[in-house]
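Letter by letter, the chains look like this.
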Amino acid sequence: MDLRYWLPRAAEVAERWGERFGPLRPHPSHLVDEADFAAAFERFAKRLEHNYPFFHPRYAGQMVKPPHPAAVVGYLTAMRFNPNNHAYEGGPATNDMERECVAQLAAMFALPAHVGHLTSSGTIANLEALYVARQSHPGRGVAYSGQAHYTHSRMCHVLGVEGHAVAADAEGRMDVGALEELLRTGRVGTVVVTCGTTGAGAVDPVHEILPLARRHGARVHVDAAYGGFFTLLAADDALAASLGVDTAPWRAIAGCDSVTVDPHKHGLQPYGCGAVLFADPGIGRHFAHDSPYTYFTDAELHLGEISLECSRAGASAAALWLTLQLLPLTPQGLGAGLAASRRAALAWAELIDTSEELTLHQKPQLDIVTYFPTVPGPRPPALSAIDAASDHVLRRGMADEHDPVYLSVLRVDAADFTRRHPGTRADADGARVLRSVLIKPEAEEWVAPLHARVTALAASATAPPASPAAPSAPAAPSAASAASVSTDVTVDPPSPPSAPSFEESAR
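Remember, it's a predicted structure, so these values are computed and weren't measured experimentally.

Cut-offs used in this document
Residues numbered from 1 in each chain as written. Predicted model: local features only at pLDDT ≥ 70, side-chain atom pairs only at ≥ 80, totals over all residues. Heavy atoms only, no water. Helix = DSSP H or I, 4+ residues; strand = E, 2+ residues; numbered from the N terminus. Buried < 20%, exposed > 50% of the residue type's maximum accessible area, 1.4 Å probe, protein only. Contact = heavy atoms within 4.5 Å. Areas by Shrake-Rupley, 256 points an atom, 1.4 Å probe, with all protein chains shown as cover. Pairing = 2+ DSSP bridges. Axes fitted to C-alpha atoms, helices over the stretch in contact; angles between N-to-C directions. 1 Å grid on protein atoms, 1.4 Å probe; cavity = no way out; pocket = protein on both sides within 12 Å on 5 of 7 lines; lining within 4 Å. Points joined across faces, edges and corners; volume = space filled by probe spheres on them. Nonpolar A, V, L, I, M, F, W, Y, C, P; charged D, E, K, R; others polar. Patch = residues over 30% accessible without salt bridge, like charges linked within 9 Å, V, L, I, M, F, W, Y side chains within 5 Å. Salt bridge = Lys/Arg side-chain N within 4 Å of Asp/Glu carboxyl O. pLDDT = per-residue confidence, 0-100. Core = buried A, V, L, I, M, F, W, Y, C linked by side-chain atoms within 4.5 Å. Phe/Tyr/Trp six-rings, centres within 6.5 Å; stacked < 30°, edge-to-face > 60°. Left-handed = near helix turned anticlockwise from the far one by under 90°.

**A short note on the overall build of the protein chain**
Looking only at helices and strands, one finds 18 helices and eleven strands in the protein chain. For the protein chain, buried positions account for 48% of its 507 residues. Restricting the contact set of the protein chain to residue pairs at least 6 apart, pairs at least 24 apart contribute 75%. For the protein chain, the accessible surface area stands at approximately 24,200 Å², while carbon and sulfur atoms represent 57% of it.

**Considering the sheet that holds strand S1 (residues 115-119)**
Whether parallel or antiparallel, the strands of a sheet pair through hydrogen bonds between backbone atoms. Read across the sheet, seven strands follow the order S1-S7-S6-S5-S4-S2-S3 without closing on themselves; strand pairing throughout is mixed. This sheet does not close on itself; its edge strands, each paired only once, are S1 and strand S3 (163-166). Sheet twist, expressed as the mean angle between neighbouring strand axes with direction ignored, is 20°. Here four bridges tie strand S2 (residues 141-145) to S3, and the two strands are oriented parallel to one another.

**A word on the layout of surface pockets**
Empty pockets left among the atoms are what a rolling probe the size of a water molecule brings to light. Taken as a whole, the largest pocket holds about 910 Å³ of empty space. Forming the boundary of the largest pocket are 39 residues, of which His-149, Tyr-150, Thr-198, Gly-199 and Arg-435 lie nearest the centre. Broken down by secondary-structure element, the contributors of at least two residues to the lining of the largest pocket are helix H5 (122-136), strand S8 (358-362), strand S10 (408-413) and helix H15 (414-420). The leading source of residues in the lining of the largest pocket is S10, at five residues. A class-by-class count of the residues in the lining of the largest pocket yields 13 nonpolar, 18 polar and eight charged.

**Re the sheet that holds S10**
Pairing in this open sheet of four strands is antiparallel, and the strands run S8-S9-S11-S10 from one edge to the other. Each edge of the open sheet is held by one strand with a lone partner, namely S8 and S10. Each strand axis lies, on average, 40° off the axis of its neighbour in the sheet, ignoring direction. The sheet contacts of helix H14 (residues 383-399) involve strand S9 (368-373), S10 and strand S11 (430-437), and relative to S11 the element is tilted by about 35°. Helix H16 (residues 447-462) contacts S8 and S9 of the sheet and is inclined by roughly 110° relative to S8.

**Some details on a nonpolar patch on the surface**
A surface patch of nonpolar side chains, about 520 Å² in accessible area, is lined by Val-32, Phe-37, Phe-41, Phe-44 and Leu-48. Its place among the elements puts Phe-37 in helix H2 (residues 34-48).

**Quick word on the confidence of the model for the protein chain**
The predicted model of the protein chain has a mean per-residue pLDDT of 88, with 87% of residues at 70 or higher. Low pLDDT, under 50, characterises residues 289-299; the predicted model gives this stretch 17 contacts beyond four residues in sequence or across chains. Confidence drops under a pLDDT of 50 for residues 501-507, and excluding neighbours within four residues, the segment shows eleven contacts in the predicted structure.

**A word on the nonpolar core**
One finds Leu-105, Leu-179, Val-191, Phe-229 and Trp-250 to be the most contacted residues of the largest nonpolar core, which totals 60 residues. Apart from residues lying up to four places away in sequence, Val-191 is in contact with Ala-143, Met-174, Leu-179, Leu-183, Ile-209, Ala-213, Ala-218, Arg-219, Val-220 and His-221. Listed in part, the 22 residues of the second largest apolar core include Ala-344, Trp-348, Leu-394 and Ala-458.

**A few points about the packing of aromatic side chains**
Applying the stated rule across the entire model yields twelve aromatic pairs. When the ring of Tyr-5 is compared with that of Trp-6, the centres are 4.9 Å apart and the planes differ by 85°; the resulting orientation is edge-to-face. The exposure class of Tyr-5 is partly exposed, given its relative accessible area of 45%. What links up through ring pairs into an aromatic cluster is the set Tyr-52, Phe-54, Tyr-59 and Tyr-406.

**Concerning the environment of Phe-230**
When you line up the elements, Phe-230 lands in the loop between strand S5 (219-224) and helix H9 (231-234). Residue classification places Phe-230 among the buried residues on the basis of a relative accessible area of 1%. In sequence terms Phe-230 and Gly-196 are 34 residues apart; their C-alpha atoms lie 9.1 Å from each other. The residues touching Phe-230, leaving out its near neighbours within four places in the chain, are Trp-250, His-266, Leu-338, Arg-342, Leu-366 and Asp-367.

**Here we look at the side chain of Thr-231**
Following the sequence through the fold, Thr-231 ends up in helix H9. Classification of Thr-231 as buried rests on a relative accessible area of 7%. When neighbours within four sequence positions are excluded, Thr-231 is seen to be in contact with Met-108, Phe-109 and Trp-250.

**Focus on the packing of helix H3 (residues 69-79) against helix H12 (residues 314-326)**
The geometry of H3 relative to H12 is characterised by a closest axis approach of 7 Å and an angle of 145° between their N-to-C directions. For the pair H3 and H12, the crossing hand works out as right-handed. Every residue of H12 that contacts H3 at Ala-70, Ala-71, Gly-74, Tyr-75, Ala-78 and Met-79 is listed here: Ala-315, Ser-316, Ala-318, Ala-319, Leu-322, Thr-323 and Leu-326.

**Some words on the pairing of S11**
Of all eight residues making up S11, seven are buried, and the element is well covered by its neighbours. Here S9 runs beside S11; their pairing, made up of four bridges, is antiparallel. Directly across from Tyr-371, in S11, lies its bridge partner Leu-434. Bridge analysis of S10 against S11 gives six bridges, and the strand direction is antiparallel. Bridging across to S11, Leu-410 finds its partner in Val-433.

Below you can see the structure in the form of structure tokens.
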């Protein structure tokens, strides 16, 4: 798709539609001088250069990537109409599109019945699910993995319910034995299972937790904000087997009470586009409210009547709808990109496993690879040395103007680290490991160069300091030799002028 062709067409759609209502002269208060706008736009474009190349496989850090061109065109086209999907009269066309998209998402998870809507984020989607959980089981708390997203603890605080962090196993998944112990207390009304932790991409054993929760009368909410679309791979047994995807957790989602998924991650959508789905269409009773000035059309159910949010961009629904027309929710449609990301993660993990410079922290369960520089010298290696080496690779990679690579880090506490890597000396309360989210399918073609670059950085991070040279008569260096002198590893070179500094990125 050529955006230079389709974006002008997007502008024409609203203009042609608007002509049927007669001529309209813009109000003078909204008019701006073309020269003034040109100057402001130049400043604006320059400001945007202060960014990271999220579109490029060199960026293998956080879980961000550009939206699909179809989503861009769909969003910008609908944005000219500026629909609000809170109520049907706020945007009939995009309300209908949202319902169709939600039905497709529910079918992807094989929910037998459903009610749901898009949200501005996965956090809001999870908040709504926990709100319904509180209303369904008043006075009982919420259990979630210690590796779950930090907002679950925060949302329990907001909702005034007791939150229980359950220990994770050696693979980063919720420990079923620890959960059973907690459920026996009767204090838990809802269990949150995570399908794709944001740290390492771990998938909780939904198929084991669901029957356990049911025996104790608890609801099960699935936080699949990051990993939800991987259920497309689990739908094809042969494909799942070839990619090492365990189908059991994904197929158990159909029996759960609610699901969160973020189309603005693997669904190729712009921010913000989350979604929450409920298996019981009757949960709307928990959102009942009176709004005499809002709902005046004869819609069967306004989306705002099953939502905590009010105003929501109808353009998000338009963008998702148009994308799914071209890349349907099938293993061969949208799933093809996820399969490429999964293959990239497996390939890089295999290279790391046989590397002398890097150590695999955890075998990837989705498309997130975690690893750290192999620290040479006295054994066992110390946590502090691993942390320092990871920091070196992160900073040096993003500060290199000629061959940059952008990674992220995951902080692992000492107990978790030494459980995975028993030979480590715990001289600190934890250590950072490197983390690469291979969310872009283009990463599959970049595994080898990424590995080579990170390996070189890891080697420089763990190399012993050079011995001082024997004194000799001073000589003026040639231009060539002066250019080849490297800086001491303890000094960070400046960040590229077009990218944020490390300190800014860490905020």
